[in-house]
Amino acid sequence: MEKKRSLVFVTNAMADLEGLAGEDPLRELKERCECRIWPAAQGPSHADLLEALEGCQGLLCLISDRIDADIIRSSSELKVISSCSVGVDHIDLAAASAQGIPVGNTPGVLTETTADLTFALLLAASRRVAEGDAYVRSGKWKSDSDWGLASFLGVDLHGATLGIVGLGGIGQAVARRAQGFGMRVVGWSRSGDSVPGVENVEFSELLAEADFVSIHVALTQETLGLLDARAIGRMKRGAVLVNTARGGIVDDLALAEALAEKRLAAAGLDVFDGEPIGSDHPFVRLDNVVMTPHIGSASTRTRLRMAQLSVQNCLAGLEGRPLIHTANSEGLR
Ligand code: NAP
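Just so it is clear, the structure is predicted and the values come from calculations on it, not from any experiment.

A.B. asks: Would you explain the overall build of the chain in this entry?
C.D. replies: Secondary structure assignment for the chain yields 13 helices and twelve strands. Taking 20 Å as the expected radius of gyration for a compact globule of 333 residues, we find that the chain reaches 22 Å, a close match to that expectation. Viewed in the frame of its principal axes, the chain has a C-alpha envelope of about 80 × 45 × 35 Å. Taking all 333 residues of the chain together, 47% fall into the buried category. Long-range contacts, defined as pairs at least 24 residues apart, comprise 63% of the intrachain contacts of the chain with a sequence gap of at least 6. The chain carries 32 positive and 43 negative side-chain charges, and their two centres are separated by 3 Å.

A.B. asks: How should the site of the ligand be read in this particular structure?
C.D. replies: In the vicinity of the ligand there are 25 residues, among which Gly 169, Ile 170, Arg 190, Thr 244 and Asp 270 approach most closely. Contact between the ligand and Arg 190: an oxygen atom at 2.5 Å from a side-chain N or O atom of the residue. Between the ligand and Asp 270 there is a distance of 2.8 Å, counted from a nitrogen atom to a side-chain nitrogen or oxygen. In isolation the ligand offers 930 Å² of accessible surface; the protein chains occlude 83% of this area. The residue inventory of the shell around the ligand, partitioned by class, reads eight nonpolar, 13 polar and four charged.

A.B. asks: Help me understand the state of the cysteines, please; the structure alone is not making it clear to me.
C.D. replies: Here a disulfide denotes one covalent bond, and it connects the sulfur atoms of two cysteines. The tally for this structure, following the rule as stated, stands at zero disulfides. No disulfide involves Cys 35; its nearest neighbouring cysteine sulfur is the one of Cys 33, lying 5.7 Å away. Of all cysteine sulfurs, the one in Cys 33 lies closest to Cys 314, which takes part in no disulfide; the gap is 6.4 Å.

A.B. asks: Just to check I follow, could you spell out the sheet that holds strand β9 (residues 212–215) for this structure?
C.D. replies: Think of a sheet as strands paired side by side through backbone hydrogen bonds, with each pair either parallel or antiparallel. Ordered in space as β8-β7-β6-β9-β10-β11-β12, the seven strands form an open sheet in which the pairing is parallel. Only two strands of the sheet have a single neighbouring strand rather than two, namely β8 (199–200) and β12 (289–291). Note: strand β6 (residues 161–165) against strand β7 (residues 184–188), five bridges, orientation parallel. For Thr 161, the partnering residue across the bridge sits in β7 and is Arg 184. Strands β10 (240–243), β11 (266–269) and β12 of the sheet are contacted by helix α11 (residues 252–260), whose axis makes an angle of about 145° with β11.

A.B. asks: Whenever I open this one, the domain arrangement of the chain confuses me. Can you help?
C.D. replies: Quite often, the size of an interface is put as the accessible area lost when its parts meet. Under the domain assignment, the chain is made up of domain 1 (7–109 + 299–318) and domain 2 (111–291). A separation of 31 Å is found between the C-alpha centroids of domain 1 and domain 2. Taken together, the contact between domain 1 and domain 2 spans seven residues of the former and four residues of the latter. Summed over both sides, the interface between domain 1 and domain 2 buries roughly 490 Å², with carbon and sulfur atoms accounting for 42% of that surface. Summed over the shared surface of domain 1 and domain 2, the number is one salt bridge. Put simply, Arg 246 and Asp 89 hold a salt bridge, and the shortest N to O gap is 2.8 Å.

A.B. asks: Looking at this structure, how should I read the pairing of β6?
C.D. replies: Looking down a regular strand, the side chains alternate between one sheet face and the other. Burial analysis of β6 places five of its five residues in the buried class, which makes it a mostly covered element. The side-chain alternation of β6 yields two buried faces, one formed by Thr 161, Gly 163 and Val 165 and the other by Leu 162 and Ile 164. Pairing of β6 with β9 involves four bridges; the strand directions are parallel. Residue pairing in the sheet places Leu 162 in a bridge with Phe 212 of β9.

A.B. asks: Explanation requested: helix α6 (residues 111–126) in the structure shown.
C.D. replies: In an α-helix, one turn spans 3.6 residues, which is why side chains three or four residues apart end up on the same side. With 16 residues, α6 ought to run about 22 Å at 1.5 Å a step, and its terminal C-alpha atoms sit 23 Å apart, in line with that. Along α6, the residues that are buried comprise Thr 111, Thr 113, Thr 114, Ala 115, Leu 117, Thr 118, Phe 119, Leu 121, Leu 122, Ala 124, Ala 125 and Ser 126. With its phi angle positive at about 55°, Arg 128 sits one or two positions after the end of α6.

A.B. asks: How should the pattern of salt bridges be read in this particular structure?
C.D. replies: In a structure, side chains of opposite charge can pair up when their charged atoms sit close to one another. Counted according to the given criterion, the structure contains 17 salt bridges. Salt-bridge contacts for Glu 209 lead to Arg 184; the nearest nitrogen and oxygen are separated by 2.9 Å. On the criterion of sequence distance, the pair formed by Glu 209 in helix α9 (residues 203–209) and Arg 184 in strand β7 is long-range, its members being 25 residues apart. Accessibility expressed as a relative area gives 26% for Glu 209, which makes it partly exposed.

A.B. asks: Hey, could you run me through the packing of α6 against helix α8 (residues 169–180) in this one?
C.D. replies: Each packed pair of helices is defined by two parameters, the angle between the axes and the distance between the axes. At a minimum axis distance of 8 Å, the contact between α6 and α8 shows a crossing angle of 55°. The angle between the axes of α6 and α8 places the two elements in the oblique class. By crossing handedness, the relation of α6 to α8 is classed as right-handed. In contact with Thr 111, Glu 112, Thr 114, Ala 115, Asp 116, Thr 118 and Phe 119 of α6, α8 contributes Gly 169, Ile 170, Ala 173, Val 174, Arg 176, Arg 177 and Ala 178. Within the contact of α6 with α8, the residues separate by chemical class into six nonpolar, four polar and four charged.

Rules of the game
Residues numbered from 1 in each chain as written. Predicted model: local features only at pLDDT ≥ 70, side-chain atom pairs only at ≥ 80, totals over all residues. Heavy atoms only, no water. Helix = DSSP H or I, 4+ residues; strand = E, 2+ residues; numbered from the N terminus. Rg over C-alpha atoms; globule rule 2.2 N^0.38 Å. Buried < 20%, exposed > 50% of the residue type's maximum accessible area, 1.4 Å probe, protein only. Contact = heavy atoms within 4.5 Å. Lys, Arg positive; Asp, Glu negative; His and termini not counted. Charge placed at Lys NZ, Arg CZ, Asp CG, Glu CD. Near = heavy atom within 4 Å. Polar contact = N/O pair within 3.5 Å; in protein donor to acceptor, adjacent residues only side chain to side chain. Areas by Shrake-Rupley, 256 points an atom, 1.4 Å probe, with all protein chains shown as cover. Nonpolar A, V, L, I, M, F, W, Y, C, P; charged D, E, K, R; others polar. Disulfide = S-S within 2.5 Å. Pairing = 2+ DSSP bridges. Axes fitted to C-alpha atoms, helices over the stretch in contact; angles between N-to-C directions. Domains from an automatic or database assignment. Buried area = accessible area lost by both parts, 1.4 Å probe. Salt bridge = Lys/Arg side-chain N within 4 Å of Asp/Glu carboxyl O. Expected span 1.5 Å × (residues − 1). Parallel < 35°, antiparallel > 145°, perpendicular 65-115°, else oblique. Left-handed = near helix turned anticlockwise from the far one by under 90°.

If you want it as structure tokens, here you go:
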């Protein structure tokens, strides 16, 4: 008798990636399992997730799907949760571990791509690229006399000190880029492990010394609000803050206040506390903020590799093999 195939709920059909890759990123999953695929571009709600996961052994999800303890406890047959992301703060890891469910993620394949976007934001914020672009488009640059010696003055990267908060894969990739730009690099990490070309400093020292601060820690209970009003207040006057890690690590309202008062020169942000932000958010009114809509890993090649890795993690979990990357390995021990 043929063995019953596992049932997997997939929260996104990945149809856009199929067009780019020329093949369905979910092909192998569809060949080896029964796939229940959420049909809409907008992801499932909490109630939809609860219903769709009934009888499923696998879940393949995105960062926009909130997989809380309620969902995990209600899905009694679940054997694996695989997220097409490196960050897993949208999944209740403790609840998954308590049920013995491995949670797969996709580190490594998006490291360089996210470091590239971090540098794009560092440069765009410090050299006022978005402001300049808006000025040209608006038609305000009409004659030679509109060009001034002191127009659009920014902050130099070369010779400046970059402070990296969190020296994981992406933090280290940003450090390598900064060395090429002639920056001094200081870094703080929980483990204190040494990284080539980076001077390890205390968190308070980093805030006091850095002309640029770039955030690369995971969002956890311990890093939530790490850059709160007090920490922002301890940054150098005229410094630039970049966050491509997660909203919630930075207190966005305190940051907006520091930017409005020009205590900080500028910020480059890919992530926000509560995404998407509304058009009435204080950042929207500030010229010295450059924003992107959580696109750190958004290159064609990287998104395809993330999709492949998340499929492989899902298949491994369903077949009782170790996942390629397990985000809750400590909790499962
Ligand atoms: P990683 O290699 O796992 O590094 C994670 C970093 O977070 C490490 O420095 C780790 O410190 C630190 N960390 C974890 N828990 C901590 C805690 N409780 N207290 C202090 N530090 C803690 O991950 P990565 O690939 O560099 O990615 C970093 C983060 O970037 C991800 O978690 C994700 O949220 C975000 N990200 C965003 C995008 C985007 O689209 N904007 C794309 C990719 C990633 P230790 O080294 O001391 O353990």
